[in-house]
Amino acid sequence: MIEVKNISKNYFSEKSGKFAGIGSDGGVSLSVPKGEIFGIIGPDGAGKTTLFRILTTLILADSGTATVNGFDVVKDYKKIRECVGYMPGRFSLYQDLTVEENLEFFATVFNTTIEENYELIKDIYIQIEPFKKRRAGKLSGGMKQKLALSCALIHKPTVLFLDEPTTGVDPVSRKEFWGMLKKLKQQGITILVSTPYMDEASLCDRIALIQNGQFLKIDTPDNIVNQFEDKLWAAKSNNMHKLLDDLRKNKLVKSAFAFGDSVHVTVSSEQLSVIILTDYLTGLGHKNVEIHTIEPTIEDCFMGLSNNQI
Amino acid sequence: MKVTSMETVIKVENLTKRFGSFTAVDNISFEVKKGEIFGFLGANGAGKTTAMRMLCGLSIPSEGKGTVAGYDIYTQPELVKRSIGYMSQKFSMYEDLKVWENLELFGGIYGMNDEIIKIKTDELMASLNFEEERDKLVKSLPLGFKQKLAFSVSIFHTPKVVFLDEPTGGVDPITRRRFWEMIYDATARGITVFVTTHYMDEAEYCDRVSIMVDGRIEALDSPKNLKATYKAKNMDEVFQQLARKSKRKAD
């Protein structure tokens, strides 16, 4: 449904005062089959939005080709615009129109009516329907998000582009939102979604980890986790702040970072075992030292693959 | 173990804010001690921003009492503003000014004299290892540098307490963790940190965490105790259990 081949786009960003974009080093490629939820996961400035704008035919790539639904993003841009739904990262509905007016506006633009495609948006829209007379600008973050998704769906698109739909949204609303995406997937809609929240990776069928305009890896979340190369341990002691420092001082420790209530330690050397490290920490005055092997999370994988070590 | 002093930096009793018939913040009470990292969590629309605005002297409460850095939030909001620092992901520095110009501007706004600004700028550039970036425009800095600098700017005038409003949104995982290491260093120097976040792993880094639901503080304790109380394996589970009680879907 989405085919991206060697796409690159570099531009001078007034905002950051330097070159930004995607695929500066030979272009990026990916392929998303029908009905898949594909996640583009990475921090601000990684190039996520640039990719979305190319695929929704809002900007032209410098090089490479891309098709959506078999249509070329350059030659067939009008056909693409008819069959995709796009929810930009910034809230882009009309703040001065009411909930209902916004929805009706988007339906009209696409030559359809709310009634005709109500089935598709029903589960989502029903939650904001009690406020249909309220202006969009007066809605809470979670409700804006639901309205934006309804508007992106009202013309029954086959491919949905969601650019950071959950940024700044609390964990409960984020979970609800992913529940909605799952239902849309079951109706055969292909979804390309970006997020800076690494814990959302497991909700996607496949993901691309992105940083500095390059894909670090494309695969299923499970495969990415299975390819983690180093030994990974979670460590705790009675003094967590000192623990971080002491772990980093050990030359056989590759990296040490706080992860919730423990420190995740990566080790590439065979010389270091849990027992040796426990003794080392105990020798430095740590009490109640607990170290055990853990499964990496996508965030561990991202950090391992990332070249950003500042 | 970090020693949190007995000095109270924020004290709030029965604080309430109403907008017409809507009670945004409903009778909240808590204290924050000097050097503490206090996590202020809640779902969107739970009332966090309204509460934070009152604590920063930007909004007058409808009811209740509150002091921040020793000043009354009703009668001395201007003194409150001078004694606090503030940083958010959305706004923190002027991108078109150089690194040192931002420091001079913020130092000046907070009433620091030129000599002190100069000395502290030198100190900061050395401690951040930022000598080469000193004359660069802020917008040209990598995100990780900006984060460090934004935090340093927010505590440049050595406030008693710094308010961090979702300081790590959209930042890569390593930069996010480096940022928290800076927060630890600041608290070791006696600065109190009041922080909001949507990353539940970051809630674990706080000394104590409060969770707001529908304008009220539903839970307030150390992450360890909260996890025990709610029989949860992490703070995300604690948050999910509490925030799902919310009836204020229709804010």
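Just so it is clear, the structure is predicted and the values come from calculations on it, not from any experiment.

Draft legend 1. Examining the overall build of chain B more closely. Counting its regular elements, chain B contains 9 helices and 10 strands. Its C-alpha atoms give chain B a radius of gyration of 18 Å, near enough to 18 Å, the size a compact globule of 251 residues would have. Each principal axis of the C-alpha distribution contributes one length, and for chain B these read about 50 × 40 × 35 Å. In chain B, buried positions account for 45% of the 251 residues. For chain B, the proportion of contacts with a sequence separation of at least 24, taken over those separated by at least 6, is 68%.

Draft legend 2. Highlighting the interface of chain B and chain A. The interface of chain B with chain A comprises 33 residues on the first partner and 37 residues on the second. Looking at the side of chain B that touches chain A, the elements that each hand over two or more residues are helix H5 (143-154), helix H6 (173-188), helix H7 (200-203) and helix H9 (235-243) of chain B. For the side of chain B that touches chain A, the leading source of residues is H6(B), giving 5 residues. Considering only residue class, the side of chain B that touches chain A consists of 15 nonpolar, 9 polar and 9 charged.

Draft legend 3. Fine view of helix H4 (residues 118-125) of chain A. All names here are of chain A. When we look at burial in H4, the residues that qualify are Ile121, Ile124 and Tyr125. Across the axial projection of H4, the buried residues extend over an arc of 85°, all falling on one side. Structural note: H4 exposes Glu119 and Lys122 on the side pointing more than 90 degrees away from its buried face. For H4, the elements touching its buried residues are helix H5 (141-153) and helix H6 (171-186).

Draft legend 4. Structural context of the sheet that holds strand S8 (residues 159-163) of chain A. All names here are of chain A. Taking strand neighbours across the sheet as the criterion, the 6 strands line up as S7-S8-S9-S4-S10-S11 in an open arrangement whose pairing is mixed. Each end of this open sheet is capped by a strand with a single partner; those strands are strand S7 (84-87) and strand S11 (214-219). Neighbouring strand axes in the sheet, compared pairwise and without regard to direction, differ in orientation by 15° on average. Examined bridge by bridge, S7 and S8 share 4 bridges and lie parallel to one another. Of the residues in S8, the one forming a bridge with valine 84 is valine 159.

Draft legend 5. Representation of the domain arrangement of chain A in the model. Residues and elements named next belong to chain A. By domain assignment, chain A separates into domain 1 (2-225) and domain 2 (229-305). A straight line from the C-alpha centre of domain 1 to that of domain 2 covers 37 Å. In this assembly, 9 residues from domain 1 lie in contact with 8 residues from domain 2. Elements with a minimum of two residues in the side of domain 1 that touches domain 2: S11 and helix H7 (221-226).

Draft legend 6. Broad picture of unusual backbone geometry. All names here are of chain A. One non-glycine residue with positive phi stands out, namely asparagine 6, at about 50°. Along the chain, asparagine 6 turns up in strand S1 (residues 2-13). Phi is positive for asparagine 111, close to 60°, though the residue is something other than glycine. Positionally, asparagine 111 belongs in the loop between helix H3 (99-109) and H4.

Draft legend 7. Local environment of the environment of Thr121(B). Residue and element names in this part refer to chain B. Inspection of the secondary structure assignment puts threonine 121 in helix H4 (residues 114-128). Threonine 121 gets classed as partly exposed once you count the C-beta atoms within 10 Å, which come to 19. Note: C-alpha distance between threonine 121 and threonine 192 (71 residues apart in sequence) is 22 Å. When sequence neighbours within four positions are dropped, the list of residues in contact with threonine 121 reads Trp100 and Leu103.

Draft legend 8. Focus on H5(A). Residues and elements named next belong to chain A. With 13 residues, H5 extends 19 Å from end C-alpha to end C-alpha; this agrees with the ideal 18 Å at 1.5 Å per step. In terms of burial, H5 is a largely internal element, 12 of the 13 residues being buried. Buried residues of H5: Gly142, Met143, Lys144, Gln145, Lys146, Leu147, Ala148, Leu149, Ser150, Cys151, Ala152 and Leu153, and no others.

Rules and cut-offs
Residues numbered from 1 in each chain as written. Chains lettered and ligands numbered in written order. Predicted model: local features only at pLDDT ≥ 70, side-chain atom pairs only at ≥ 80, totals over all residues. Helix = DSSP H or I, 4+ residues; strand = E, 2+ residues; numbered from the N terminus. Rg over C-alpha atoms; globule rule 2.2 N^0.38 Å. Buried ≥ 20, exposed ≤ 12 C-beta atoms within 10 Å, placed from the backbone. Contact = placed C-beta atoms within 7 Å. Nonpolar A, V, L, I, M, F, W, Y, C, P; charged D, E, K, R; others polar. Arc of directions from axis to C-beta. Pairing = 2+ DSSP bridges. Axes fitted to C-alpha atoms, helices over the stretch in contact; angles between N-to-C directions. Domains from an automatic or database assignment. Expected span 1.5 Å × (residues − 1).

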